[in-house]
Amino acid sequence: MSDPSKRCLSCGDSFQLFRWLNDAELAYVVSKVGRAEAGTFRRCTHPGCLRVQPHFAFKRGFRLPEQFR
Ligand SMILES: [Zn+2]
C-alpha cells in the first residue's frame, strides 16, 4: 500500500490524506472532466477542504462547490 497522502494546493500546498469520491462528488467531477478522468480523482480529507484532484496529478485538481462542504 502506497502512502495515500498527497500535496493539496487548497491546504497551503501541504500533504493531506485523500480519499475516494462518494457518488455525489463523483457525479459532479464527471460533469466537469468526463467519466474516464473522473475515476482518477480523490478528495482531500482535511476538515473544510473542498479540493478534488487526480491522484497522480495534483495540479490539475479543483474545488467542489460549497454544497459539498
Ligand atoms: Zn486540502
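Calculation rules
Residue positions are given per chain, counted from 1 along the sequence in the order it is written. Local features in this predicted model are restricted to residues of pLDDT 70 or higher, and side-chain atom pairs are both shown and tallied only at a pLDDT of 80 or more, whereas totals for entire chains, interfaces and linings draw on every residue. DSSP bridges decide pairing: two strands pair if at least two such bridges lie between them. Helix and strand definitions follow DSSP, with helices as H or I runs of at least four residues and strands as E runs of at least two, each counted in order from the N terminus. A set of buried Ala, Val, Leu, Ile, Met, Phe, Trp, Tyr and Cys residues, joined to one another through C-beta atoms within 7 Å, is what we call a nonpolar core. Buried residues are those with 20 or more other C-beta atoms within 10 Å of their own C-beta, exposed residues have 12 or fewer, and partly exposed residues lie in between; C-beta atoms are placed from the backbone. Throughout, a residue-residue contact means that the two C-beta atoms, derived from backbone geometry, are no farther apart than 7 Å. Each residue carries a pLDDT value, the predictor's own confidence for that position, ranging from 0 to 100.

A. Quick peek at the pairing of strand 2 (residues 14–20). Note: strand 1 (residues 5–8) against strand 2, four bridges, orientation antiparallel. Bridge pairing in strand 2 places Lys 6 opposite Gln 16. Pairing of strand 2 with strand 3 (residues 41–44), which is carried by three bridges, proceeds in the antiparallel orientation. Looking at strand 3, one finds that Phe 18 is bridged to Cys 44.

B. Layout of the sheet that holds strand 5 (residues 62–63). Spatially, 1-2-3-4-5 is the arrangement adopted by the five strands of the open sheet, whose pairing is antiparallel. Pairing within the sheet leaves two strands with one partner each, and these edge strands are strand 1 and strand 5. Looking at chain direction, strand 4 (residues 51–54) and strand 5 are connected through two bridges and run antiparallel. The partner of Val 52 across the bridge, within strand 5, is Phe 62.

C. Inspection of the nonpolar core at higher detail. Counting residues in hydrophobic clusters, the biggest one holds five residues: Leu 21, Val 29, Phe 41, Val 52 and Leu 64. When neighbours within four sequence positions are excluded, Phe 41 is seen to be in contact with Leu 21, Val 29, Val 52, Gln 53 and Pro 54.

D. Quick peek at the confidence of the model for the protein. Overall, the prediction assigns the protein a mean pLDDT of 94, with 94% of residues at 70 or greater. Here strand 1 is the element of the protein with the lowest mean pLDDT, 92, and helix 1 (residues 23–33) is the one with the highest, 98.

E. Highlighting unusual backbone geometry. We note that Asp 13 has phi near 60 degrees; this positive angle belongs to a residue other than glycine. Turning to its location among the elements, Asp 13 is positioned in the loop between strand 1 and strand 2. Residue class for Asp 13 comes out exposed when judged on the 10 C-beta atoms lying within 10 Å of it.

F. Region of the structure containing the environment of Arg 42. Within the element layout of this structure, Arg 42 appears in strand 3. Its 21 C-beta neighbours within 10 Å are what place Arg 42 among the buried residues. For Arg 42 and Phe 56, which are 14 residues apart along the polypeptide, the C-alpha to C-alpha distance reads 9.8 Å. When neighbours within four sequence positions are excluded, Arg 42 is seen to be in contact with Phe 18, Arg 19, Trp 20, Val 52, Gln 53 and His 55.

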